[in-house]
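Residue-level listing of the chains:
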Amino acid sequence: MKYYLIAGEASGDLHASRLMQALKNQDAEARFRFYGGDQMQAVGGTLVKHYRELAYMGFVPVLLHLPTILRNMKQCKADITAWRPDVVILIDYPGFNLDIAKYVKANGICPVYYYISPKIWAWKEYRIKNIKRDVDELFSILPFEVEFFEKKHHYPIHYVGNPTADEVREFLSVHGSPASEAAEPGAETTAHSERPIIALLCGSRRQEIKDNLPAMLHVTDKYADQYQVIIAGAPGMEPDYYQQFMKGHRAEIAFGQTYHLLSKAHAALVTSGTATLETALFGVPQVVCYETPLPRLIGWLRKKILKVKYISLVNLVADREVVRELVANSFTLENIDNELQKVLAGSARQRMLDGYQEVWQRLGKENAPENAARLMIRIHSRG
């Protein structure tokens, strides 16, 4: 089969690459063409455009780059039409991908599968109409999405397991478990052999890094005598971009070593996203930090617009507050410092570690990419 995949950011590149490998394992004739990144390219196929040319977030950056975004969409549609794939597989990135789905469906090119569904349960719930109209099969990696799509909107989906849990489990099986007792229940533990680490995971996009890293560095300066402060460099982000924020601060940066870093970290400051779930699955107590412009206004709008109580995947999966979220008007240096102190030691730290075990249990042990690949091939063969 000919598979056309579209991933618009680093996490999508990782998950798509794992799905591609699973498809190759089960389909000897698999051929790939894609918008994505280095990890997808390593699996094989043709990289049409790198996600670095696609990843714009926030109203102003999107507005400034609108001609580029529209040009990328036009090129993608033309490329799909010319290649005539057997299926288009979309990975998250809804602003771009739902437009592509509409085009593919309207022109009867091929079925559209969505792997890692758009988070319309958080906001823009109206997009369910587009999904019902343009997406043939939706493959979810978050267990709570089943109730949202199937019970609330009567749109059947496939929960295939969680690829982040698969990736962390695989890493731990190879490299050994982290020191925290909140690693997957039953896992053995190992002791740290060096000064404890505070990890900073400040996002994968320029705007996220610019908004969150300065405050994280400012707060952790006072801990630099007792802890190593290490930034997890985002894939595809040049080191020089971080250096402008690191001047005058006692922190190091590590690229391509996020899982190694989390396996050794004692605590973390994390910008919301997949990183919050990764941090939890490694058993690292964390504070979720997400700075926004106009914090008071955004804090008010969050209550009015967001359809969910939480922004971190950890709390959403657990369906309760396991980790503290400092967002918009609660994002202050004082609050970050106070919450960090709580997770470095004491009862709050242990409660969080206990909550992480709930998250492991809710995600289950399905191998998400293998499960999704098997379902995709079976559904397509039925025609």
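Since this is a predicted model, take the numbers as computed values, not measurements.

Thresholds, definitions, all that
- Residues numbered from 1 in each chain as written.
- Predicted model: local features only at pLDDT ≥ 70, side-chain atom pairs only at ≥ 80, totals over all residues.
- Heavy atoms only, no water.
- Pairing = 2+ DSSP bridges.
- Helix = DSSP H or I, 4+ residues; strand = E, 2+ residues; numbered from the N terminus.
- pLDDT = per-residue confidence, 0-100.
- Contact = heavy atoms within 4.5 Å.
- Expected span 1.5 Å × (residues − 1).
- Buried < 20%, exposed > 50% of the residue type's maximum accessible area, 1.4 Å probe, protein only.
- Salt bridge = Lys/Arg side-chain N within 4 Å of Asp/Glu carboxyl O.

**Description of the sheet that holds strand S1 (residues 2–7)**
With respect to topology, 7 strands assemble into an open sheet ordered S3-S2-S1-S4-S5-S6-S7, the strand pairing being parallel. In this open sheet, the two strands that pair with only one neighbour each are strand S3 (46–50) and strand S7 (158–159). As paired strands, strand S5 (residues 112–115) and strand S6 (residues 137–140) are joined by 3 bridges and run parallel to one another. Residue pairing for S6: Tyr113 is matched across the bridge by Glu137.

**So, the confidence of the model for the chain**
Averaged over all residues, the pLDDT of the chain is 89; the fraction at 70 or higher stands at 88%. Predicted confidence is poor over residues 297–302, with pLDDT under 50, and the contacts of this stretch with residues over four places away or in other chains come to 11 contacts.

**Some words on the side chain of Thr164**
Along the chain, Thr164 turns up in helix H8 (residues 163–175). Beyond its immediate stretch of four places on either side in the chain, Thr164 contacts His15, Tyr259, Thr274, Leu277, Glu278 and Leu281.

**Details of helix H5 (residues 94–106)**
The end-to-end C-alpha separation of H5 is 17 Å, in line with the 18 Å expected for 13 residues at 1.5 Å each. Those residues of H5 not exposed but buried are Phe96, Asn97, Leu98, Ile100, Ala101 and Val104. Just beyond H5, the residue with positive phi is Gly108, at close to 60°.

**Here's the deal with the pattern of salt bridges**
Under the definition given, this model contains 16 salt bridges. For Asp92, the salt bridge goes to Lys119, with nearest N and O atoms at 3.3 Å. A residue pair is termed long-range when its members are at least 10 positions apart, and Asp92 in the loop between strand S4 (87–91) and H5 and Lys119 in the loop between S5 and helix H6 (128–134) qualify at 27 residues. Relative accessible area serves as the criterion here: at 13%, Asp92 is assigned to the buried category. Residue classification places Lys119 among the partly exposed positions, given a relative accessible area of 30%. Note that Arg205 is salt-bridged to Glu208, the shortest N-O span being 3.6 Å. Among the charged side chains, a salt-bridge network with shared partners connects Glu9, Arg205 and Glu208.

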